[in-house]
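Chain by chain, the residues:
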Amino acid sequence: MAEAIATTTAGTVRGQSAYGVRRFLGIPYAAAPVGALRFAPPQPATAWDGVLDATAPGPNAPQRVKPFPRLDIAPLIGTGWNPGDDYLSLNVWTPDDDRTGRPVMVWIHGGGFVLGSKDAPVQDCSSFARDGIVCFAINYRMGVEGFLPIPGVPTNLGLRDMIAALGWIHANARGFGGDPTNLTIFGESAGAMAIADLMASPLAKGLFNRAIVQSGHGGMTRDIEVARRLVDKLASLLKITPDRAGFASVAPEDCFDAVEKVSSPTARIDLRDADGREPVFGISRFVPVHGDDVLPQSPLEAMKRGVGAEIDLLIGSNAEEMNLYLVPTGVRAKIWGWLATYLLSKSMPGARKALKAYGLGKGKKPGEALCDAMNDLVFRWPVRRFAEEHKGRTHMYEFDWRSPAFDGELGACHGVELPFIFDTLATATGPEGLAGEAPPQALADRLHRIWVDFAFDGSLPWDPFDRETRLVYSVVADEARPEARMPAADFLP
């Protein structure tokens, strides 16, 4: 590998060049969030003398990763916590030449706001750089540090980190050959939820032109007062006061057991709102809150009022999102009807009626009805609702290629589009790979090109989505077609 040099506002960085791509890893975009800054808004990175070595990924946010049964998820979220202070950092991939004015893409990783990092293998951005894009991937605070509204602590610190990273990229993109006035942010799962939130945030206005929201939407935020129940529960488990001083007295790694306990489906905590709805359906306890300066109102309400209309939006879902959670665990195959109803009732009123609308009692197994219902309730219908309310140009896709993993039961599950979008199929292929054996490279070529073209100038090969035509692009059929209303529409706002 050859040496690559770039200059940032904080100093010079040294990366590596190979196979037509320059790569810089672990560049701090903000000061280390430790000590007095652990629960503070992101502060500017400290300038350095000499040349910063940017050839290794560096640390990531505190987290604990648990394995999935018979499924290798390390390519999706990484191998876990790599401790260190300077984890508010980013990676850069750029073409190995000195051209300027290239489009910029910024990747925000998923992981339920408690897992993941910029370094997960499936999201290596080399393919985007080879296609002429300057691509960034960022870390941000998660869990207790990033998305717990602790009294005395600024809310939504994880979102504030993302906004700070976008500000750093605006100031430094040209140093890597990029044009910050042509910037697309993209992300999946929690990363996609965050992007939908940033579209609605006045603090992020003007920082990006386009957004790609993969298996996410703006419906997974909580009212601050509801989220404070989680603060109290965690404080009780940790035996601390439910305030800044209390949480500052506990090291991040000493919170892992408590976070794991409240994240369990059997945890005794009620995070339903005044309408009896838990918008995250128990998938994660840690999500952004609305009602502050970052999100003055819920993102869906902001879209209704025209916020974010200047942003071109590409948004979509996978056809069988919940299979990732319910197939490897055996829930889809084995859960009893009463338990399926009970679990869903913890997140919404009318749970039994919703399950019946998806086939419970009509020849479908309880787990199949639960999975089908949650595909639409948690992901697919809220994605459409966000698209409906966005006043700007909006295009919708559905990833419907079915992974053959788990004897074909994994299907078009949550996250399975990632190795196709990044053209990194090798990372997710194999006996325990998300994409199973021999996934189609031709599909990866086509989808990756769609993402690249959108980042260059916003172009897409199908017509926009709106409330009347409801055109959704099927990635398998390679065509957009009208989509029927889902049963979930009767059970969600």
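Residues numbered from 1 in each chain as written. Predicted model: local features only at pLDDT ≥ 70, side-chain atom pairs only at ≥ 80, totals over all residues. Heavy atoms only, no water.

Quick word on the overall build of the protein
- When its secondary structure is counted, the protein shows 16 helices and 15 strands.
- Here the C-alpha radius of gyration of the protein, 21 Å, is about what a compact globule of 493 residues would show, namely 23 Å.
- C-alpha atoms of the protein, sized along the principal axes, occupy 70 × 55 × 45 Å.
- Out of the 493 residues belonging to the protein, those deemed buried represent 60%.
- At a minimum sequence separation of 6, the contacts of the protein that also span at least 24 residues come to 76%.
- Accessible area for the protein stands at about 18,400 Å²; split by element, carbon and sulfur atoms hold 53% of it. (Helix = DSSP H or I, 4+ residues; strand = E, 2+ residues; numbered from the N terminus. Rg over C-alpha atoms; globule rule 2.2 N^0.38 Å. Buried < 20%, exposed > 50% of the residue type's maximum accessible area, 1.4 Å probe, protein only. Contact = heavy atoms within 4.5 Å. Areas by Shrake-Rupley, 256 points an atom, 1.4 Å probe, with all protein chains shown as cover.)

Some details on the state of the cysteines
- Applying the stated criterion to the full structure yields zero disulfides.
- The thiol of Cys 371 is not disulfide-bonded; the next cysteine sulfur, from Cys 413, is found 9.9 Å away. (Disulfide = S-S within 2.5 Å.)

Some details on the packing of helix 12 (residues 337-345) against helix 14 (residues 366-389)
- Following both chains from N to C, one finds helix 12 and helix 14 inclined at 20 degrees, their axes separated by 9 Å at the closest point. What the angle tells us is that helix 12 and helix 14 run roughly parallel. Along this stretch, helix 12 crosses helix 14, giving a crossing that reads as right-handed. In this structure, helix 12 contributes Gly 337, Ala 340 and Leu 344 to the contact, and helix 14 contributes Pro 366, Leu 370, Met 374 and Leu 377. (Axes fitted to C-alpha atoms, helices over the stretch in contact; angles between N-to-C directions. Parallel < 35°, antiparallel > 145°, perpendicular 65-115°, else oblique. Left-handed = near helix turned anticlockwise from the far one by under 90°.)

Overview of the nonpolar core
- In terms of nonpolar packing, the biggest core is built from 115 residues, with Phe 208 and Phe 247 touching the most fellow members.
- Among the elements that take part in this core, helix 14 stands out by supplying 12 residues, more than any other.
- Setting aside anything within four residues of it in sequence, one finds Phe 247 in contact with Arg 38, Phe 39, Val 144, Leu 148, Ile 150, Val 231, Leu 234, Ala 235, Leu 238, Ile 240, Thr 241 and Pro 242.
- The next biggest cluster of nonpolar side chains, apart from the first, holds 49 residues, and it includes Val 122, Phe 128, Ala 428 and Ala 435. (Core = buried A, V, L, I, M, F, W, Y, C linked by side-chain atoms within 4.5 Å.)

Quick look at a positive patch on the surface
- A surface patch of like charges, here positive, comprises Arg 352, Lys 353, Lys 356 and Lys 362.
- Turning to its location among the elements, Lys 356 is positioned in helix 13 (residues 351-357). (Patch = residues over 30% accessible without salt bridge, like charges linked within 9 Å, V, L, I, M, F, W, Y side chains within 5 Å. Salt bridge = Lys/Arg side-chain N within 4 Å of Asp/Glu carboxyl O. Lys, Arg positive; Asp, Glu negative; His and termini not counted. Charge placed at Lys NZ, Arg CZ, Asp CG, Glu CD.)

Digging into the side chain of Thr 221
- Positionally, Thr 221 belongs in the loop between strand 9 (210-214) and strand 10 (222-223).
- Among the polar contacts made by the side chain of Thr 221, one reaches the side chain of His 290 at a distance of 2.8 Å.
- Sequence-distant contacts of Thr 221, defined by excluding residues within four places in its chain, comprise Asp 197, Pro 279, Val 287, Pro 288, His 290, Leu 295, Ser 298 and Pro 299. (Polar contact = N/O pair within 3.5 Å; in protein donor to acceptor, adjacent residues only side chain to side chain.)

Focus on the side chain of Thr 8
- Note that Thr 8 resides in strand 1 (residues 2-8).
- Assessed through its relative accessible area of 7%, Thr 8 is described here as buried.
- Within the local environment of Thr 8, its side chain forms a polar contact with the backbone nitrogen of Ala 10, the two atoms lying 3.1 Å apart.
- In terms of polar contacts, Thr 8 uses its side chain to reach the backbone carbonyl oxygen of Gly 11, at 2.8 Å.
- Setting aside residues no more than four positions away along its own chain, Thr 8 makes contact with Val 13, Trp 48, Trp 168, Asn 172 and Phe 176.

Here we look at the packing of aromatic side chains
- As enumerated under the stated definition, the model contains 15 aromatic pairs in all.
- Between Phe 128 and Phe 186, the aromatic rings sit 5.5 Å apart at their centres with planes inclined by 70 degrees, giving edge-to-face as the arrangement. One end of the pair, Phe 128, is in helix 2 (residues 126-130); the other, Phe 186, is in strand 8 (residues 178-188), and 58 residues separate them in sequence.
- Classification of Phe 186 as buried rests on a relative accessible area of 0%.
- An aromatic cluster of three or more residues is present, and its members are Trp 107, Phe 128, Phe 186 and Phe 422. (Phe/Tyr/Trp six-rings, centres within 6.5 Å; stacked < 30°, edge-to-face > 60°.)

Considering the layout of surface pockets
- Put simply, the second largest pocket is a space of about 660 Å³.
- Looking at the lining of the second largest pocket, the elements with two or more residues in it are strand 10, helix 9 (299-304) and helix 14.
- Here the residues of the lining of the second largest pocket are counted per class, giving 14 nonpolar, seven polar and 10 charged. (1 Å grid on protein atoms, 1.4 Å probe; cavity = no way out; pocket = protein on both sides within 12 Å on 5 of 7 lines; lining within 4 Å. Points joined across faces, edges and corners; volume = space filled by probe spheres on them. Nonpolar A, V, L, I, M, F, W, Y, C, P; charged D, E, K, R; others polar.)

What about empty space enclosed by the protein?
- Under the defined criterion, the tally for this structure stands at one cavity of 30 Å³ or more.
- In this structure, the largest cavity spans a volume of roughly 30 Å³.
- If you trace the largest cavity, you find it lined by Phe 147, Leu 148, Pro 149, Arg 222, Ala 227, Leu 230, Arg 285, Val 287 and Val 289.
- Tallied by class, the residues present in the lining of the largest cavity amount to seven nonpolar, no polar and two charged.

Some words on the pattern of salt bridges
- Counting across every chain of the model gives 37 salt bridges.
- A salt bridge links Arg 385 to Glu 389; the nearest nitrogen and oxygen atoms lie 3.0 Å apart. In this pair, Arg 385 and Glu 389 both sit in helix 14, four residues apart, roughly one turn of the helix. Per residue, the accessibility class of Arg 385 equals that of Glu 389, and both read buried.
- With its nearest N and O atoms 3.3 Å apart, the salt bridge here joins Arg 467 to Glu 389. In this pair, Arg 467 sits in the loop between helix 16 (441-457) and strand 14 (471-474) while Glu 389 sits in helix 14, placing the two residues 78 residues apart along the sequence.
- The buried category is assigned to Glu 389, whose relative accessible area is 7%.
- Each of Asp 376, Arg 380, Arg 384, Glu 398 and Glu 483 takes part in one network of salt bridges that share partners.

Re unusual backbone geometry
- Residues other than glycine seldom take positive phi values, yet Tyr 19 does so here, at roughly 55 degrees.
- Following the sequence through the fold, Tyr 19 ends up in the loop between strand 2 (11-18) and strand 3 (21-28).
- The exposure class assigned to Tyr 19 is exposed, which follows from its relative accessible area of 76%.

Comments concerning helix 14
- In this model helix 14 runs 33 Å from its N-terminal to its C-terminal C-alpha over 24 residues, within 8% of the 34 Å that 1.5 Å per residue would give.
- Of all bends in helix 14, the biggest is about 40 degrees, found at Leu 377.
- With respect to burial, helix 14 is a largely interior element, 21 of its 24 residues being buried. (Expected span 1.5 Å × (residues − 1). Bend = angle between axes of the 7 residues up to and from the residue.)

Describing helix 16
- A rise of 1.5 Å per residue sets the reference length of helix 16, with its 17 residues, at 24 Å; its end C-alpha atoms lie 25 Å apart and thus fit the reference within 8%.
- Taken as a whole, helix 16 has its buried residues at Leu 443, Ala 444, Leu 447, His 448, Ile 450, Trp 451, Val 452, Phe 454 and Ala 455.
- Directly after helix 16, the chain includes Gly 458, whose backbone phi takes a positive value near 85 degrees.

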